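Chain residues, written in single-letter form:
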Amino acid sequence: MMELSEELIFGLIDAAKKAREMAYAPYSGFRVGACIVADSGNKYTGCNVENASYGACVCAERTALFNAVCSGERSFAALLVISDSEDITFPCGICRQTLLEFISSDMPIICCDKNGAFSIFTMKELMPHSFTKENMK
Ligand code: THU
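The rules behind each value
- Residues numbered from 1 in each chain as written.
- Predicted model: local features only at pLDDT ≥ 70, side-chain atom pairs only at ≥ 80, totals over all residues.
- Heavy atoms only, no water.
- 1 Å grid on protein atoms, 1.4 Å probe; cavity = no way out; pocket = protein on both sides within 12 Å on 5 of 7 lines; lining within 4 Å.
- Points joined across faces, edges and corners; volume = space filled by probe spheres on them.
- Nonpolar A, V, L, I, M, F, W, Y, C, P; charged D, E, K, R; others polar.
- Near = heavy atom within 4 Å.
- Polar contact = N/O pair within 3.5 Å; in protein donor to acceptor, adjacent residues only side chain to side chain.
- Areas by Shrake-Rupley, 256 points an atom, 1.4 Å probe, with all protein chains shown as cover.
- Sits in = over half its atoms within 2 Å of the grid points.
- Buried < 20%, exposed > 50% of the residue type's maximum accessible area, 1.4 Å probe, protein only.
- Helix = DSSP H or I, 4+ residues; strand = E, 2+ residues; numbered from the N terminus.
- Pairing = 2+ DSSP bridges.
- Right-handed = clockwise from strand over helix to strand, strands pointing away.

**Observations regarding the layout of surface pockets**
Here the largest pocket is characterised by a volume of approximately 210 Å³. What lines the largest pocket is a set of 16 residues, among which Phe-30, Val-32, Asn-48, Glu-50 and Cys-59 lie closest to the centre. Residues that form the lining of the largest pocket fall into these classes: 11 nonpolar, 3 polar and 2 charged.

Structure, rendered in structure tokens:
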């Protein structure tokens, strides 16, 4: 597992804050930014992209993940999420399921408040008893 140094985390916070600036959130007004680190060491960002047909809205975590997958990445070391909330922001249930297709259950998810104060959880803590391809054997 990649070491989560302070330097790495601060870099992720910075990148996710920049991505948050790009959020397209005219309906909720809730801007979210995310940054995912691949095992290659490359970092990919994403923001939430909303739609007049609300069900078509996509979260920042999934745009970050899909951005990485579109660049050929298939394995990941960490993901960080930040919004404008005073409280830390957690990935929604759909994002947790989507992430589980590619990440291990012990991958750290760094959840920040709007200023970058963070708590770290493993995916397993956020999504116990999950359904993945391992359950289809
Ligand atoms: N949202 C995210 O981008 N990530 C989360 O972890 C929670 C929710 C977005 C979806 C929608 O654009 C807005 O925040 C309000 O739900």
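Don't stop here, the text continues.
**So, the site of the ligand**
Near the ligand you find Ser-28, Phe-30, Val-32, Asn-48, Glu-50, Cys-59, Ala-60, Glu-61, Thr-89, Phe-90, Pro-91 and Cys-92, and these make up its full shell. In this structure, Asn-48 approaches the ligand through a side-chain N or O atom, which is 3.0 Å from an oxygen atom. Against a free-state accessible area of 370 Å², the protein chains account for coverage of 78% of the ligand. With respect to the detected pockets, the ligand is housed in the largest pocket. Split by residue class, the shell around the ligand holds 7 nonpolar, 3 polar and 2 charged.

**Here we look at the pairing of strand 4 (residues 108-112)**
Most of strand 4 is tucked away: 5 of the 5 residues are buried. Of the two faces of strand 4, the one holding Pro-108, Ile-110 and Cys-112 and the one holding Ile-109 and Cys-111 are both buried throughout. Pairing of strand 3 (residues 76-83) with strand 4, which is carried by 3 bridges, proceeds in the parallel orientation. Across the sheet, Leu-79 pairs through a bridge with Ile-109, a residue of strand 4. Remark: the strand 3/helix 3 (residues 93-100)/strand 4 crossover connection has right-handed handedness. In this structure, strand 4 lies alongside strand 5 (residues 118-122), joined through 5 bridges in antiparallel fashion. Each residue of the ladder has a partner; that of Cys-111, found in strand 5, is Ser-119.

**A look at the pairing of strand 3**
Along any regular strand, the residues point their side chains to alternate faces of the sheet. Counting buried residues along strand 3, 8 of its 8 residues qualify, which places the element largely inside the surrounding structure. Pairing geometry for strand 1 (residues 32-38) and strand 3, over 7 bridges, is antiparallel. Among the inter-strand pairings, Val-32 is bridged to a residue of strand 3, identified as Ser-83.

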